[in-house]
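So the chains spell out like this:
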Amino acid sequence: MARYFLKGNEAVVVGALVAGCESFYGYPITPASEIAHAASEYFPTLGRTFLQAESELASINMVYGAASTGQRTMTASSSPGISLMCEGISYMAGCELPCLVVDIMRAGPGLGNIGAEQSDYNQLTKGGGHGDYLTIVLAPNSVQEMIDFAILGFDLADKYRNPVVIAADGVIGQMMESVSFPEDYTPLYQDKPWALTGDKNSERRLHTSIYIENDELEAHNMRLQEKFSRMKAAEQRAEEYMTEDAELLLVGYGSVSRQLKAVVNNVRQRGVKAGLFRPVTISPFPAVRLEKCIRGKKRIVVAEMSSGQLHYDVKALVGNDIPISLIGKLGGNLIEEESILREVL
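These remarks concern the structure in this document.

**A closer look at the overall build of the chain**
Piece 1. Each helix and strand counted, the chain has 12 helices and 15 strands in total.
Piece 2. Here the C-alpha atoms of the chain give a radius of gyration of 20 Å, agreeing with the 20 Å that 2.2 N^0.38 yields for 345 residues.
Piece 3. Its C-alpha atoms give the chain principal-axis dimensions of roughly 70 × 50 × 40 Å.
Piece 4. Across the 345 residues of the chain, 53% fall into the buried class.
Piece 5. Taking the intrachain contacts of the chain between residues at least 6 apart in sequence as the baseline, contacts between residues at least 24 apart amount to 79%.
Piece 6. For the chain, the exposed area adds up to about 14,900 Å²; of that, 50% sits on carbon and sulfur atoms.
Piece 7. Considering the chain, the positive charge centre built from 32 side chains and the negative charge centre built from 42 side chains are found 5 Å apart.

**Digging into the pattern of salt bridges**
Piece 1. Counted under the stated rule, the structure contains 18 salt bridges.
Piece 2. For the salt bridge of Arg-223 with Glu-96, the shortest nitrogen-to-oxygen distance reads 2.8 Å. A residue pair is termed long-range when its members are at least 10 positions apart, and Arg-223 in helix α8 (residues 214-234) and Glu-96 in the loop between α4 (79-95) and β5 (99-107) qualify at 127 residues.
Piece 3. Relative accessible area serves as the criterion here: at 46%, Arg-223 is assigned to the partly exposed category.

**Overview of the packing of aromatic side chains**
Piece 1. Applying the stated criterion to the full structure yields 4 aromatic pairs.
Piece 2. Seen in terms of ring centroids, Tyr-4 and Phe-181 are 4.7 Å apart; in terms of plane orientation they differ by 10 degrees. Their pairing is stacked. With Tyr-4 in strand β1 (residues 4-7) and Phe-181 in the loop between β9 (176-179) and α8, this residue pair connects regions lying 177 residues apart in the sequence.
Piece 3. Assessed through its relative accessible area of 40%, Tyr-4 is described here as partly exposed.
Piece 4. By relative accessible area, which is 22% here, Phe-181 ends up partly exposed.
Piece 5. On the basis of an interplanar angle of 45 degrees and a centroid distance of 5.8 Å, the ring pair of Tyr-121 and Tyr-253 is categorised as tilted.

**What about the environment of Ala-168?**
Piece 1. With respect to the helices, strands and loops of the structure, Ala-168 is situated in strand β8 (residues 163-169).
Piece 2. Overall, the relative accessible area of 0% leaves Ala-168 in the buried class.
Piece 3. When sequence neighbours within four positions are dropped, the list of residues in contact with Ala-168 reads Asp-103, Ile-104, Met-105, Pro-140 and Met-146.

**Quick word on the sheet that holds strand β14 (residues 299-304)**
Piece 1. Strand order in the open sheet formed by 5 strands is β10-β12-β11-β14-β15, with mixed pairing between adjacent strands. At either margin of the open sheet sits one strand with a lone partner, and together these are β10 (238-241) and β15 (324-328). Between one strand axis and the next, the sheet turns by 20 degrees as a mean value, whatever way the strands run.
Piece 2. The pairing of β14 with β15 spans 5 bridges and is parallel. Each residue of the ladder has a partner; that of Ala-303, found in β15, is Ile-327.

**Thoughts on unusual backbone geometry**
Piece 1. The omega torsion of the bond from Thr-30 to Pro-31 falls at 5 degrees, within 30 degrees of zero and hence cis.
Piece 2. With respect to the helices and strands, the residue Pro-31 is situated in the loop between β2 (23-26) and α2 (33-45).
Piece 3. A cis amide bond links Ser-283 to the next residue, Pro-284, at an omega of -5 degrees.
Piece 4. Looking at where Pro-284 falls in the secondary structure, it is placed in the loop between β13 (281-283) and α10 (287-293).
Piece 5. Its identity is not glycine, yet Tyr-189 carries a phi of approximately 55 degrees, on the positive side.
Piece 6. Positionally, Tyr-189 belongs in the loop between β9 and α8.

**Describing the side chain of Ser-90**
Piece 1. In this fold, Ser-90 is placed in helix α4.
Piece 2. At 2.8 Å, the side chain of Ser-90 forms a polar contact with the backbone oxygen of His-130.

**Some details on the state of the cysteines**
Piece 1. Applying the stated criterion across every chain yields a total of 0 disulfides.
Piece 2. A disulfide-free cysteine, Cys-95 has its sulfur positioned 11 Å from the sulfur of Cys-99, the nearest such atom.

**A closer look at helix α1 (residues 8-18)**
Piece 1. Counting buried residues along α1, 9 of its 11 residues qualify, which places the element largely inside the surrounding structure.
Piece 2. Along α1, the residues that are buried comprise Gly-8, Asn-9, Ala-11, Val-12, Val-13, Val-14, Gly-15, Ala-16 and Leu-17.
Piece 3. At the exit of α1 stands Gly-20, carrying a positive phi of roughly 90 degrees.

**Section: the nonpolar core**
Piece 1. By size, the foremost hydrophobic cluster in this structure holds 88 residues, and its most contacted members are Ile-35, Met-74, Val-102, Ile-300 and Val-314.
Piece 2. Beyond its immediate sequence surroundings of up to four residues, Val-102 is in contact with Val-12, Ile-35, Met-74, Thr-75, Ala-76, Ser-77, Ile-82 and Ile-166.
Piece 3. Counting residues in hydrophobic clusters, the runner-up holds 18 residues, among them Leu-248, Val-263, Leu-276 and Met-305.

Parameters and conventions
Residues numbered from 1 in each chain as written. Predicted model: local features only at pLDDT ≥ 70, side-chain atom pairs only at ≥ 80, totals over all residues. Heavy atoms only, no water. Helix = DSSP H or I, 4+ residues; strand = E, 2+ residues; numbered from the N terminus. Rg over C-alpha atoms; globule rule 2.2 N^0.38 Å. Buried < 20%, exposed > 50% of the residue type's maximum accessible area, 1.4 Å probe, protein only. Contact = heavy atoms within 4.5 Å. Areas by Shrake-Rupley, 256 points an atom, 1.4 Å probe, with all protein chains shown as cover. Lys, Arg positive; Asp, Glu negative; His and termini not counted. Charge placed at Lys NZ, Arg CZ, Asp CG, Glu CD. Salt bridge = Lys/Arg side-chain N within 4 Å of Asp/Glu carboxyl O. Phe/Tyr/Trp six-rings, centres within 6.5 Å; stacked < 30°, edge-to-face > 60°. Pairing = 2+ DSSP bridges. Axes fitted to C-alpha atoms, helices over the stretch in contact; angles between N-to-C directions. Polar contact = N/O pair within 3.5 Å; in protein donor to acceptor, adjacent residues only side chain to side chain. Disulfide = S-S within 2.5 Å. Core = buried A, V, L, I, M, F, W, Y, C linked by side-chain atoms within 4.5 Å.

Here's what the structure looks like:
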């Protein structure tokens with residue numbers, strides 16, 4: 001199989017094209033700008049649509065329109081831009097329209113800086129926009145997973161008729177690695193009887209999140225909640241590394257999980273029984289997997305490039321049964337292997 005050397009931001013575009021994505025609407029922002037750059041080159045070359053919108057608000061609403069026709073469509077941005085898109089994501093969840101949204105997380109709050117952070121965790125996993133809705137959020141930790149999760153993301157979006165988010169910290173977006181592409185992928189869920197075709201002879205279809213009558217809206221929301229429950233039950237994903245006999249469990253996602261795996265290998269050579277639990281879906285949170293994984297553990301260390309947002313979810317599950325500590329970095333500062341070693345040894 002041929003290998004290619006790609007940046008994470010470019011790889012997610014290639015993955016989307018392999019998945020059959022027909023259109024990209026976006027507004028560039030660092031450290032996600034290369035996604036729009038790559039899309040502007042590759043989409044038109046393949047006869048697909050690229051449009052640089054005048055803002056993030058316009059981008060997500062163009063995605064809304066394209067998704068209504070049954071297209072596989074996407075946008076990408078970074079933290080402040082995702083904040084602007086949250087209203088549109090809420091609308092699409094309410095209308096049950098599938099799409100892929102890529103967030104290359106930078107340091108905040110506000111404009112912050114262009115350094116890598118993971119501080120969009122709460123925004124992405126707890127909704128972000130208004131109303132009771134849920135999105136599946138995939139957290140890649142390699143350039144290869146930027147390709148794989150773009151493909152998976154479109155399949156999940158179509159399966160549930162719901163927006164799916166790829167949440168990558170700035171390190172994953174900017175790093176370069178060797179990757180390969182699937183050679184025989186066929187998009188799933190291609191039959192979309194709900195799509196607007198523009199055919200005058202087709203039945204009238206309406207995608208709306210406006211329900212004037214309270215009971216009608218409640219019935220719609222209850223049906224959405226039933227769907228979200230199915231998503232939570234079926235789509236929890238996690239990676240475990242050397243956890244079976246571990247007494248010390250390290251927990252982290254994205255680029256941080258790579259540092260944690262290196263620490264596991266390091267301290268194992270010193271006789272410390274350590275293991276790694278990496279949430280692959282940060283929404284739904286892989287609670288069932290983690291609950292099984294923590295059995296027999298004497299200590300848990302959560303590492304993240306935010307102030308304890310992942311730590312909060314782990315603590316909520318574990319309670320006070322096992323001591324849990326936090327390594328949190330802010331401001332675009334990375335978590336170094338040495339700082340993790342100081343905490344765990």
